[in-house]
Amino acid sequence: MAEIIVVTSGKGGVGKTTTSASLACGLARRGHKVAVIDFDVGLRNLDLIMGCERRVVYDFVNVVNGESTLKQSMIKDKRFDNLYVLAASQTRDKDALTMEGVEKVLKEMADEGFDYIVCDSPAGIEKGAYLAMYFSDQAVVVVNPEVSSVRDSDRILGLLSSKTRRAENGERVKEHLLLTRYSPKRVETGEMLSVGDVEEILGLKTIGVIPESGDVLNASNKGEPVILDTESDASQAYDDAVARLLGDTRPMRFTTVEKKGFFSKMFGG
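Summary of the structure given here. (Residues numbered from 1 in each chain as written. Predicted model: local features only at pLDDT ≥ 70, side-chain atom pairs only at ≥ 80, totals over all residues. Heavy atoms only, no water.)

Further remarks concern empty space enclosed by the protein. For the structure shown, the criterion picks out one cavity of 30 Å³ or more. Its volume calculated, the largest cavity comes out at about 30 Å³. What lines the largest cavity is simply G208, V209, A237, D240, R244, M252, R253 and F254. Contributions of two or more residues to the lining of the largest cavity are made by strand 8 (206–211) and helix 12 (233–245). The element best represented in the lining of the largest cavity is helix 12, accounting for three residues. In terms of residue class, the lining of the largest cavity is made up of four nonpolar, one polar and three charged. (1 Å grid on protein atoms, 1.4 Å probe; cavity = no way out; pocket = protein on both sides within 12 Å on 5 of 7 lines; lining within 4 Å. Points joined across faces, edges and corners; volume = space filled by probe spheres on them. Helix = DSSP H or I, 4+ residues; strand = E, 2+ residues; numbered from the N terminus. Nonpolar A, V, L, I, M, F, W, Y, C, P; charged D, E, K, R; others polar.)

Okay, here's the thing in structure tokens:
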């Protein structure tokens, strides 16, 4: 049975698509068969970050409308044989997706033997975001450690607990917190909320803390999910998050200011 994971947030620009791409690659790298779907109809970005934008012929809406088959529309990743991308449409509006159509596509993916289906949600609470979360088994709530992002995510948690198929069946979507653009220095100076602050406000456990890093933008511009840049702190943080998602225990890194050693202080390193 496929596990459906929605990557969601209340606010735009917090790193959902970067997270979706990295989680999908991380799961595939561990041998799981993974599909990642872009639910952001009209504003697609997932194919750019995955580096397959020139290979998009048919999209998610084409499959929903029966204009193409799932096999025609899914793009096989060049790096992993067990990873597939289903792009969003750039030319349709948000109402192009329907509950029945999304359910049909997800069921067909499950029948194709996918272990994980990662749903890259648009920001906010409009129709695409609602459909992305409705069928989910787990949710990764992506938050920047600042007040407006946290407040908007609180609204998303309300929807996850009341407006999903699991909620209708008296069950819960398993929720995880993922903090992005985290800067321990700014936390120390009081400019940014700490991991503990955000956990307390939202009542969620943190699955990953992604440090503020230029590597994320560089990777996106190259069409390469940042998790594949193994030298990067952001890559290692995403890899830790994937491990925790699969039930492994790992210490939380990149949450404290690195203390300079004696020689660094002496020589200004």
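Let us look at the nonpolar core. Core analysis: the largest hydrophobic core is formed by 47 residues, its most contacted members being F39, F60, L97, M109, I117 and L160. With five residues, helix 7 (residues 147–162) is the largest single contributor of residues to this core. With residues up to four places along the chain from it excluded, the contact list for I117 reads A2, E3, I4, I5, A35, I37, L106, M109 and A110. If you look at the next biggest cluster of nonpolar residues, it comprises 40 residues, including V56, I75, I207 and A241. (Core = buried A, V, L, I, M, F, W, Y, C linked by side-chain atoms within 4.5 Å. Buried < 20%, exposed > 50% of the residue type's maximum accessible area, 1.4 Å probe, protein only. Contact = heavy atoms within 4.5 Å.)

Moving on, we get to helix 5 (residues 99–111). Given a rise of 1.5 Å per residue, 13 residues ought to cover 18 Å, and the 18 Å separating the end C-alpha atoms of helix 5 matches this to within 8%. Along helix 5, the residues classified as buried are G101, V102, V105, L106 and M109. Taken down its axis, helix 5 places every buried residue within 130° of arc, on the same side. Opposite the buried face of helix 5, by more than 90 degrees, sit the exposed residues E100, K107 and D111. (Expected span 1.5 Å × (residues − 1). Arc of directions from axis to C-beta.)

Attention shifts here to the packing of helix 7 against helix 10 (residues 195–202). Between helix 7 and helix 10, the least distance of the axes is 10 Å, while the angle of their chain directions is 35°. Of the two elements, helix 7 crosses helix 10, and the hand of that crossing is right-handed. Along its contact with helix 7, which presents V150, S153, D154 and L157, the element helix 10 presents V198, I201 and L202. (Axes fitted to C-alpha atoms, helices over the stretch in contact; angles between N-to-C directions. Left-handed = near helix turned anticlockwise from the far one by under 90°.)

Taken as a whole, this structure holds 16 salt bridges when the rule is applied. Between D47 and R44 there is a salt bridge; the shortest N-O distance is 3.2 Å. Summarising the burial analysis for this pair, D47 and R44 share the class buried. Ionic pairing is found between E171 and R166, a salt bridge with its closest N-O pair at 3.6 Å. Taking the relative accessible area as the measure of exposure, R166 reaches 25% and is therefore partly exposed. (Salt bridge = Lys/Arg side-chain N within 4 Å of Asp/Glu carboxyl O.)

Turning our eyes to something else, we now look at the state of the cysteines. Evaluated as defined, the whole model comprises zero disulfides. Here C25 is not cross-linked by a disulfide; its sulfur's nearest cysteine counterpart is in C52, at 10 Å. Overall, C52 belongs to the buried group, its relative accessible area being 4%. (Disulfide = S-S within 2.5 Å.)

Geometry only, nothing functional implied.
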